[in-house]
Amino acid sequence: MLNHSFGDGTLTKEQINVYKDVEAVKLNIYFLVERWEKILNRLTEEELYSKRYSKFPFNKEVEFHKVASWLNFELMKNASEIGYVRFEYASNL
């Protein structure tokens with residue numbers, strides 16, 4: 001999302017790092033969250049309601065505040081699923 005909305009949009013799945021340890025994953029997530037928050041905090045209300053940054057996956061057809069809300073919802077959903085799986089795993093030990 002960052003690369004396609006605020007970068008050059010050339011990031012491919014082959015360029016995405018797969019980390020082998022939890023600490024590296026956590027550090028990368030914190031880094032991405034910090035970048036995302038900084039970008040959102042810099043946007044004006046006009047930019048949030050424009051379609052300018054809604055390049056992927058919405059092809060500038062949706063206002064950016066809806067894209068940001070969708071992304072935040074997806075991240076919360078994923079965190080919830082991870083928490084549930086961790087709970088299930090711990091319950092079976």
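In what follows, the structure referred to is the one given above.
For clarity, every value in this text was computed on a predicted model and none was experimentally measured.

### A word on the environment of valine 62
Structurally, valine 62 is set in the loop between helix H3 (45-48) and helix H4 (64-91). In this structure the C-alpha to C-alpha distance between valine 62 and tyrosine 49, which are 13 residues apart in sequence, comes to 8.9 Å. In this structure valine 62 touches Ser50, Lys51, Ser54 and Val67, once residues within four positions along its chain are discounted.

### Considering the nonpolar core
Formed by Leu2, Trp36, Ile39, Leu43, Tyr53, Phe64, Val67, Ala68 and Leu71, the largest nonpolar core amounts to nine residues. Sort the elements by how many residues they give to this core and H4 lands first, with four residues.

### Overview of unusual backbone geometry
Note: most peptide bonds trans; most residues except glycine with negative phi. For the peptide bond that leads from phenylalanine 56 to proline 57, omega is 5 degrees, which places it in the cis range. With respect to the secondary-structure elements, proline 57 resides in the loop between H3 and H4. At asparagine 59, a residue that is not glycine, the phi angle is positive and equals roughly 50 degrees. Considering the arrangement of structural elements, one finds asparagine 59 in the loop between H3 and H4. Phi at lysine 60 takes a positive value of approximately 60 degrees, unusual for a residue other than glycine. Its place among the elements puts lysine 60 in the loop between H3 and H4.

Reading the values: rules and limits
Residues numbered from 1 in each chain as written. Predicted model: local features only at pLDDT ≥ 70, side-chain atom pairs only at ≥ 80, totals over all residues. Heavy atoms only, no water. Helix = DSSP H or I, 4+ residues; strand = E, 2+ residues; numbered from the N terminus. Contact = heavy atoms within 4.5 Å. Core = buried A, V, L, I, M, F, W, Y, C linked by side-chain atoms within 4.5 Å. Buried < 20%, exposed > 50% of the residue type's maximum accessible area, 1.4 Å probe, protein only.

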